[in-house]
Amino acid sequence: MKQTLLSVEKLGKSYKDKQIVKNISFSVKRGMVTAILGPNGAGKSTTIRSMMGIMQPDEGSIQYQGYPEHGVPHEKVGYLPEERGLYKNVKIMDIILYFADLKDYPKKKAKARALDYLKKFGLEGRDKVSVEELSKGMAQKAQFIASIIHEPELLILDEPFSGLDPVSQDVFKQEIRQLADNGTAILISSHQMNLIEEIADDLLLIHKGKTVIKGSMEEVKEQYSNYKCTIIGENEASLFTGLPFVQNVERDGSKTVLYLDRDVHIPTWISHIPNESAIQEMTIDRTSLHEIFVGVATEKNLKKSGGM
Amino acid sequence: MRNTWKVAKWEYKRNATNKSFIISTLLTPVIFLLFAFLPSMFSGSESSNDPEAMKVYIQDEVGLASRVEAFVNNKESFNWELEFVEENKESVLSSVPEEENQAFVSLTEDTIQNGVVEVETSEEVTDSFFAQLQLLRQPIQDYQFKQLGLTEYQLQQITAGVSFETSEAAAASSGVGGADQSGAVKGELIVPGIFALIVLIAIVLTGMMIFQSASQEKKEKVSEIVLSSMKPNELMQGKIIGYFGLGISQVTIWLGFGIPLAAWRMEDVPILQYLFVPELLIMVFIAILGYLLFAALFVGFGATVEDISSSSNFQGFIMMLPFLPFVFIGPILNNPSGLAATIGSFIPFTSPAVLIMRMAMLEDWPWLEIGFALVVLMISVWLMIKLAGKIFEVGILLYGKNATPKEIWKWVRA
């Protein structure tokens with residue numbers, strides 16, 4: 001069992017009469033990536049800002065291991081906010097060193113680390129380049145480096161992949177995974193479900209400020225992500241509704257999706273497909289995190305043991 | 001506090017190494033010097049050595065030659081080439097109108113009798129010639145008195161003239177301080193006053209950069225990263241201190257040029273002696289209070305503006321506040337103890353400049369009034385910093401729009 005570094009209990013925050021976040025609890029463990037997901041306006045950034053002390057939560061507690069006070073010790077936490085930028089007319093190295101200094105990290109070490117990371121992210125030799133000369137993607141890389149320059153124990157990344165091209169997304173993904181493998185506790189919020197699916201260990205899905213789904217990636221998949229069979233071909237929905245283990249049939253043009261029971265045995269089930277079905281393509285897979293997310297966002301009923 | 005210093009250091013370094021800042025710091029005194037000296041270079045003022053010499057012929061029939069010559073040679077600013085003529089007056093007179101910068105002065109018995117000196121000049125004469133000519137009155141008058149047979153003592157009495165010494169009745173009866181002050185030359189405090197005003201103007205102008213800095217921080221969305229390491233108040237104070245350092249550096253450079261230059265140009269005023277007096281400390285203290293007031297105002301309201309070009313008149317009005325004291329310049333010069341001056345001393349946005357101006361002009365400082373004004377100013381500074389802190393805290397994280405006065409009011413009350 002990995003060690004819990006940060007626990008958030010019953011966090012709540014309101015603006016005027018509107019409750020933005022209500023009764024949110026979760027923990028972030030060393031060496032693990034915890035993803036906080038939810039549609040726009042779900043309360044992700046509010047939760048993160050409350051943890052960072054940028055906002056004052058109305059209720060709940062935030063406990064950092066070995067830190068007697070409420071909240072997090074700033075020098076041990078790296079933070080990449082959703083709304084981020086860099087001073088424009090400053091050299092990359094200067095700004096990274098400034099952020100390291102704010103975290104009380106030794107300058108010499110910071111410089112060596114910055115050079116390493118710039119090289120890793122393909123920005124070698126650009127340490128003296130002014131920020132305004134960088135492309136958006138390059139600036140994002142510089143921001144990322146600035147957030148991890150002081151070897152944080154806890155790294156909080158709010159939408160780290162937004163605005164990145166697929167190649168850079170892969171670079172970030174690998175780096176995040178590697179940091180976790182080296183023992184950093186990571187809390188990440190993102191809309192890119194495919195990327196989250198690949199790197200997250202734990203999940204917290206919130207909607208309208210409340211926890212909807214919580215657990216490890218396996219548990220969530222186990223609970224919510226049943227098999228589904230997608231058939232491309234001109235078929236009537238009624239052709240499949242009576243089949244064993246089929247919970248729900250959705251038809252959209254020539255595409256028919258059959259949501260299956262949790263305890264279905266796929267090799268046996270395949271033989272039940274009617275002979276008269278028109279099949280141009282057929283795939284059997286699990287409902288993805290993306291579909292779970294869309295289900296939550298569109299407020300379709302989630303069934304733990306069924307389709308969406 | 002450590003974080004405050006880190007921010008201050010960063011803001012200082014970031015701006016001090018900025019090319020436009022360096023250029024403006026160095027260029028300002030150059031432009032100033034240019035404006036100060038360009039006109040005199042073209043016109044050739046009285047005080048500068050006139051490059052053109054004046055040829056002055058003097059017809060001396062009464063034996064004043066030696067006196068006039070001694071007098072002219074004594075005056076450095078006189079660039080006269082003297083020639084005494086006795087016989088060939090006609091030929092000299094005929095040549096004068098044709099030449100440039102020539103004059104013919106005739107000193108005859110009639111001159112001494114009537115007191116009228118005939119002078120004929122060429123069409124062009126040097127700018128300062130007529131002013132210099134007036135000064136010749138002295139040797140001529142001396143001669144006249146001598147002719148009248150006055151004694152040396154009588155001469156002194158006549159030439160001393162009559163002067164009026166005035167003093168206010170109230171000041172005389174005010175007691176101990178008054179007697180000591182009576183010897184002080186009026187205008188002595190103008191030197192530290194001007195010094196403090198320059199400091200005030202320079203640091204308040206740099207303070208206006210804070211507005212931009214806060215607004216930029218918000219626009220470029222750096223604040224949230226910075227605020228994950230410190231409290232908003234630390235960031236705000238760091239900015240205020242950092243820009244204060246910048247302003248002081250700038251004014252040090254300017255005065256580093258300015259004071260030696262002023263000392264050199266105005267040889268007869270012992271500038272350094274006038275400058276380093278205890279009063280200077282109070283004046284500079286007032287200037288610093290003025291800076292703090294405006295810096296807090298700007299940092300607070302800068303945090304409410306993301307796009308300066310689309311900001312409302314409200315924020316524009318705030319930027320105008322430092323220029324408010326200009327309204328009081330006229331009334332203060334007219335009467336530094338008048339009603340307008342007193343009112344200006346108690347309005348926080350005008351009081352730093354108004355107080356310094358008044359202190360520079362008044363021989364006897366109205367200590368009670370100054371004390372009250374200082375208390376009002378210090379309380380205002382404290383309130384403004386509190387207020388700015390509240391506005392800054394919310395404003396800096398409000399992305400995507402400029403705050404309205406209504407919103408700002410709500411934050412202040414929160």
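Just so it is clear, the structure is predicted and the values come from calculations on it, not from any experiment. (Residues numbered from 1 in each chain as written. Chains lettered and ligands numbered in written order. Predicted model: local features only at pLDDT ≥ 70, side-chain atom pairs only at ≥ 80, totals over all residues.)

### Describing the overall build of chain A
And step 1. Helices and strands together make up the secondary structure of chain A, namely ten helices and 13 strands.
And step 2. Dimensions of chain A, computed from C-alpha atoms along their principal axes, come out at roughly 70 × 45 × 40 Å.
And step 3. Sequence-distant contacts, at least 24 apart, represent 68% of the contacts inside chain A between residues at least 6 apart. (Helix = DSSP H or I, 4+ residues; strand = E, 2+ residues; numbered from the N terminus. Contact = placed C-beta atoms within 7 Å.)

### Regarding the sheet that holds strand S6 (residues 154-158) of chain A
Residue and element names in this part refer to chain A.
And step 1. Taken together, the six strands give an open sheet; going across it, the order is S5-S6-S7-S3-S8-S9, and neighbouring strands pair in mixed fashion. Each edge of the sheet is formed by a strand with only one pairing partner; in this case those strands are strand S5 (77-80) and strand S9 (210-216). Geometrically, the sheet is characterised by an average inter-axis angle of 15° between neighbouring strands, direction not taken into account.
And step 2. When S6 meets strand S7 (residues 185-189), the two strands line up parallel, connected through five bridges. (Pairing = 2+ DSSP bridges. Axes fitted to C-alpha atoms, helices over the stretch in contact; angles between N-to-C directions.)

### A short note on the domain arrangement of chain A
And step 1. Domain boundaries in chain A define domain 1 (4-222) and domain 2 (226-286).
And step 2. Each of domain 1 of chain A and domain 2 of chain A has a C-alpha centre, and the two are 41 Å apart. (Domains from an automatic or database assignment.)

### Notes on the interface of chain B and chain A
And step 1. Each side of the interface is counted separately: chain B has 17 residues, and chain A has 18 residues.
And step 2. Elements with a minimum of two residues in the side of chain B that touches chain A: helix H1 (2-16) and helix H12 (223-227) of chain B.
And step 3. Looking at side-chain class alone, the side of chain B that touches chain A contains eight nonpolar, four polar and five charged residues. (Nonpolar A, V, L, I, M, F, W, Y, C, P; charged D, E, K, R; others polar.)

### Re the domain arrangement of chain B
And step 1. What the domain assignment reports for chain B is domain 1 (54-159) and domain 2 (186-413).
And step 2. On a C-alpha basis, the centroid separation for the pair domain 1 of chain B and domain 2 of chain B is 57 Å.

### Quick word on the nonpolar core
Generally speaking, a soluble globular protein has its nonpolar side chains buried in company with each other.
And step 1. Counting 138 residues, the largest nonpolar core has Ile95, Ile96 and Ile186 of chain A together with Ala295, Ala296, Val299 and Ile356 of chain B as the members making the most contacts within it.
And step 2. For this core, the leading source of residues is helix H15 (residues 278-302) of chain B, giving 14 residues.
And step 3. Apart from residues lying up to four places away in sequence, Ile186 of chain A is in contact with Val33, Thr34, Leu155, Leu157, Ile176, Leu179 and Ala180 of chain A.
And step 4. Core analysis: the second largest hydrophobic core is formed by 14 residues, Val68, Ala103, Leu107 and Leu136 of chain B among them. (Core = buried A, V, L, I, M, F, W, Y, C linked by C-beta atoms within 7 Å. Buried ≥ 20, exposed ≤ 12 C-beta atoms within 10 Å, placed from the backbone.)

### Some details on the confidence of the model for chain B
Residues and elements named next belong to chain B.
And step 1. Summary statistics for chain B give a mean pLDDT of 79 and a share of 88% for residues scoring 70 or more.
And step 2. Between the elements of chain B, mean pLDDT differs from a low of 37, seen in helix H10 (residues 176-181), to a high of 90, seen in H1.
And step 3. In the model, residues 170-185 has pLDDT below 50 throughout and makes eight contacts with residues more than four positions away in sequence or in other chains.
And step 4. On the interface metric, ipTM, the complex scores 0.79, and its pTM is 0.71. (pLDDT = per-residue confidence, 0-100.)

### A closer look at the pairing of S5 of chain A
All names here are of chain A.
And step 1. Residues of S5 alternate between two faces, with Val77 and Tyr79 on one and Gly78 and Leu80 on the opposite face, all of them buried.
And step 2. With four bridges connecting them, S5 and S6 associate as parallel partners. The partner of Gly78 across the bridge, within S6, is Leu155.

### Looking at the sheet that holds strand S2 (residues 18-29) of chain A
Residues and elements named next belong to chain A.
And step 1. Taking strand neighbours across the sheet as the criterion, the three strands line up as S2-S1-S4 in an open arrangement whose pairing is antiparallel. Of all strands in the sheet, those bounded by a partner on one side alone are S2 and strand S4 (59-64). Strand-to-strand, the axes of this sheet are offset by a mean angle of 15°, without reference to chain direction.
And step 2. Where strand S1 (residues 4-15) and S4 come together, five bridges link them in antiparallel fashion. Within the sheet, the bridge partner assigned to Gly12 lies in S4 and is Glu59.
And step 3. On the sheet, helix H1 (residues 44-52) packs against S1, S2 and S4 and is oriented at approximately 115° with respect to S1.

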